[in-house]
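Inside the fold
Listed below are the residues making up each chain.
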Amino acid sequence: MISKTANPKIGFKTVLSYGAGDVFGGGAFAIAGLWLIFFYTNIAGLTPVQATSIVAIGRFVDAFFDPLMGYVTDNFYKTKLGKRFGRRGFFFLIGMPLSLSYALMWTVGFGGYWYYLLTYVMFGFVFSLITVPYETLPAEMTRDFNTRSKLTTVRLLFSQGATFLASWLPGVLIQIYGEDSPTSFLLMGICFSIIYAIIMFCLYKFTWEQPVVASEQEQDSFKNDMRYLFKELISTFKVKTFRLHVLMYTGAFLAQDIFGATFAFFIAFAIGQDAVLASKLLSTMAVVQIIFVPIFAWFCIKFGNGAAYRIALTAVIGGILGFIAIYYFVVAQVLLMLYLVSILMGIGRSGTFYVPWNIYSFVADVDQMLTGKRREGIFAGMMTFTRKFVQSVAILLVGAFLESFGFISKQTVQSSSAIMGIIIVFGIGTIVFALFGLYISSKFKLTRANHKVLLNEIERLQEGGSMETVDPHTREVVEELTGWEYENNWGNNRIVPVREKTV
């Protein structure tokens with residue numbers, strides 16, 4: 001990976017390489033979210049509590065590693081390896097061999113609960129090692145609103161393409177090897193592991209980062225200033241836009257997590273179909289998600305991120321209500337109705353994946369206005385920490401709830417009580433988090449126009465402009481986005497913890 005002092009034109013190879021990165025970032029746990037609990041219970045024979053506890057523990061551990069990784073990648077330029085390979089690029093380089101560990105999650109016969117817990121936690125470590133630096137790249141490579149939106153659009157197209165493969169490929173392999181065969185999932189894991197390694201190479205080769213020169217004091221202090229990490233992590237929540245963004249992100253993705261964890265069960269046991277149909281419906285959603293990524297990109301530019309987000313979650317709620325209606329009412333042409341509702345759900349899933357990550361690429365600009373510093377990595381780490389911490393609790397509760405209703409692993413038919421538990425988690429669980437996200441989005445004000453005002457003010461201050469001469473509209477926008485009085489912006493605060501000088 002190279003560092004560039006100027007802002008070069010972002011060409012086809014760079015756009016393609018950056019976008020492909022989310023085949024890993026969005027695809028790896030998209031596959032796990034759709035199939036892993038089904039694999040653990042129906043193939044590996046774990047109980048629902050065991051299966052969901054693996055995901056919960058793994059996400060809990062991962063949640064604490066993400067912000068640490070955010071800090072490390074922001075400050076890795078202080079090390080010899082960072083100077084040679086780049087503070088972001090180094091992690092793409094070592095990600096090539098480490099990404100092959102993904103296949104280990106999908107094997108049967110090497111152990112029970114503890115084996116699956118170990119492999120899940122191990123891959124979670126690898127995932128954070130790669131995705132936290134990856135998430136900083138748009139802010140590293142360009143400051144232009146439209147270019148960042150283009151990068152996010154291409155990224156999400158690849159991500160949704162990976163979701164399609166995650167939905168479609170297991171169904172094809174299940175048809176070949178049988179619904180009870182572990183071979184289909186193992187082959188899927190191997191295929192994606194190889195794809196991930198190739199993607200890491202492209203990220204290292206064709207993307208870049210802004211150069212940061214470390215002083216001798218910084219080089220000496222890197223291993224000593226980790227004690228400031230917790231304070232810096234907490235400082236991110238002092239930025240109003242980031243607080244709202246994290247809550248929107250959490251609401252949207254938890255709704256999707258619960259949906260993904262229970263959809264195969266809902267189709268298999270509530271609707272009475274098989275895993276192959278579940279795979280086909282998920283594939284339909286994935287195709288629709290791909291189609292609607294550029295449409296939601298246009299929504300974000302035309303109507304703002306908040307409005308686009310609300311459109312997406314409304315579609316998600318409509319999709320869930322549609323699936324529940326098919327279960328409760330005698331519906332002619334059940335398969336047709338399932339596909340139609342899946343199309344609506346695909347529209348909603350497209351937006352709920354796209355919009356939060358589009359928003360993220362602009363949060364660091366708000367923080368720069370407030371602190372005078374660029375801290376992309378720490379925000380990426382803290383954002384994923386918050387979601388994974390909450391997700392770990394939510395997924396564990398899903399397993400406990402299903403088991404309390406009498407769900408039994410490796411059964412082709414479940415009791416009426418177990419089916420009711422599936423419906424409650426699948427329907428109410430998803431809708432509650434979607435409604436929460438809708439409420440928070442009504443307070444979100446980071447529009448394209450406000451972002452332009454913010455960047456103009458940052459540029460004015462960088463060129464030596466006085467804070468005393470700010471115009472009223474700019475003052476209002478800055479205060480709305482940062483949540484602070486204008487005079488307390490541009491580093492006139494103690495948000496970023498002050499480090500003691502090393503001797």
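What comes next concerns the included structure. Owing to the predicted nature of the structure, the values given are computational and were not obtained by experimental measurement.

Focus: the overall build of the chain
Helix and strand counts for the chain come out as 19 helices and 2 strands. Principal-axis analysis of the C-alpha atoms places the extent of the chain at approximately 70 × 45 × 40 Å. Burial analysis of the chain (503 residues in total) assigns 60% to the buried set. In the chain, the proportion of contacts linking residues at least 24 apart, taken out of those at least 6 apart, comes to 83%. Counting every atom, the chain has about 19,700 Å² of accessible surface; 65% of that belongs to carbon and sulfur. Each charge sign in the chain was given a centre, from 40 positive and 32 negative side chains, and these centres are 3 Å apart.

Quick notes on the environment of Tyr18
Mapping Tyr18 onto the fold places it in helix H1 (residues 12–25). Using a relative accessible area of 0% as the deciding quantity, one classes Tyr18 as buried. Remark: the alpha-carbon pair of Tyr18 and Phe206, spanning 188 residues in sequence, is separated by 8.1 Å. Sequence-distant contacts of Tyr18, that is, excluding residues within four places in its chain, are made with Tyr134, Leu137, Pro138, Met141, Leu151, Thr152, Arg155, Leu203 and Thr207. Within the local environment of Tyr18, its side chain forms a polar contact with the side chain of Arg155, the two groups lying 3.5 Å apart.

Considering the pattern of salt bridges
For the structure on display, the rule yields 9 salt bridges. Across the pair Arg475 and Glu479 runs a salt bridge whose closest N-O atoms are separated by 3.6 Å. You can see Arg475 and its partner Glu479 sitting in helix H19 (residues 472–482), 4 residues apart, about one turn around the helix. Owing to a relative accessible area of 22%, Glu479 belongs among the partly exposed residues under this scheme. By sharing partners, the salt bridges in this structure join Glu232, Asp367 and Arg375 into a single network.

Here's the deal with the nonpolar core
Core analysis: the largest hydrophobic core is formed by 164 residues, its most contacted members being Trp106, Phe263, Phe266 and Phe323. Leaving out residues up to four positions away in the same chain, Phe323 has contacts with Phe259, Phe263, Phe266, Met285, Leu338, Val341, Ser342, Met345 and Phe426.

Some words on the environment of Val453
With respect to the secondary-structure elements, Val453 resides in helix H18 (residues 448–462). Remark: the alpha-carbon pair of Val453 and Phe90, spanning 363 residues in sequence, is separated by 35 Å. If sequence neighbours within four positions are ignored, Val453 has contacts with His473, Thr474 and Val477.

Thoughts on the environment of Leu446
Take Leu446: it is sitting in the loop between helix H17 (416–441) and H18. Along the sequence, Leu446 and Val477 sit 31 residues apart, while their C-alpha atoms lie 9.1 Å from each other. The residues contacting Leu446, other than those within four sequence positions of it, are Thr241, Asn305, Phe362, Val366, His451 and Leu481.

Structural notes on the packing of helix H5 (residues 89–98) against helix H6 (residues 113–135)
To describe two helices that pack against each other, one gives the angle between their axes and the distance between the axes. At their nearest, the axes of H5 and H6 sit 9 Å apart, and the two run at 145° to each other. The handedness of the crossing between H5 and H6 is left-handed. Of the residues in H6, those touching H5 at Phe91, Phe92, Ile94, Gly95 and Leu98 are Val126, Leu129, Ile130, Pro133 and Tyr134. The residue makeup of the contact of H5 with H6, split by class, is 9 nonpolar, 1 polar and no charged.

Considerations on empty space enclosed by the protein
All told, the structure shown has 4 cavities of 30 Å³ or more when counted by the stated rule. What the largest cavity holds in volume is close to 590 Å³. Taken together, 38 residues line the largest cavity, and the ones lying closest to its centre are Phe29, Ala30, Arg59, Asp257 and Arg387. Mapped by element, the contributors of at least two residues to the lining of the largest cavity are H1, helix H2 (28–43), helix H3 (48–75), H6, helix H8 (145–177), helix H12 (240–270), helix H15 (334–371) and helix H16 (376–404).

Things to note about the side chain of Ser279
Turning to its location among the elements, Ser279 is positioned in helix H13 (residues 275–303). Every residue in contact with Ser279, bar those within four places of it in the chain, is listed here: Trp35, Ser167, Trp168, Pro170 and Gly171.

As for the packing of H12 against H15
Close contact between H12 and H15 brings their axes to 10 Å; oriented N to C, the two are set at 150°. It follows from the interaxial angle that H12 and H15 lie roughly antiparallel. Two packed elements cross with a definite hand, and for H12 against H15 that hand is left-handed. Contacts between H12 and H15 involve Thr241, Phe242, His245, Met248, Tyr249, Ala252, Phe253, Gln256, Phe259 and Ile267 from the former and Leu338, Met345, Arg349, Thr352, Phe353, Pro356, Trp357, Ile359, Tyr360, Val363 and Val366 from the latter.

The rules behind each value
Residues numbered from 1 in each chain as written. Predicted model: local features only at pLDDT ≥ 70, side-chain atom pairs only at ≥ 80, totals over all residues. Heavy atoms only, no water. Helix = DSSP H or I, 4+ residues; strand = E, 2+ residues; numbered from the N terminus. Buried < 20%, exposed > 50% of the residue type's maximum accessible area, 1.4 Å probe, protein only. Contact = heavy atoms within 4.5 Å. Areas by Shrake-Rupley, 256 points an atom, 1.4 Å probe, with all protein chains shown as cover. Lys, Arg positive; Asp, Glu negative; His and termini not counted. Charge placed at Lys NZ, Arg CZ, Asp CG, Glu CD. Polar contact = N/O pair within 3.5 Å; in protein donor to acceptor, adjacent residues only side chain to side chain. Salt bridge = Lys/Arg side-chain N within 4 Å of Asp/Glu carboxyl O. Core = buried A, V, L, I, M, F, W, Y, C linked by side-chain atoms within 4.5 Å. Axes fitted to C-alpha atoms, helices over the stretch in contact; angles between N-to-C directions. Left-handed = near helix turned anticlockwise from the far one by under 90°. Nonpolar A, V, L, I, M, F, W, Y, C, P; charged D, E, K, R; others polar. 1 Å grid on protein atoms, 1.4 Å probe; cavity = no way out; pocket = protein on both sides within 12 Å on 5 of 7 lines; lining within 4 Å. Points joined across faces, edges and corners; volume = space filled by probe spheres on them. Parallel < 35°, antiparallel > 145°, perpendicular 65-115°, else oblique.

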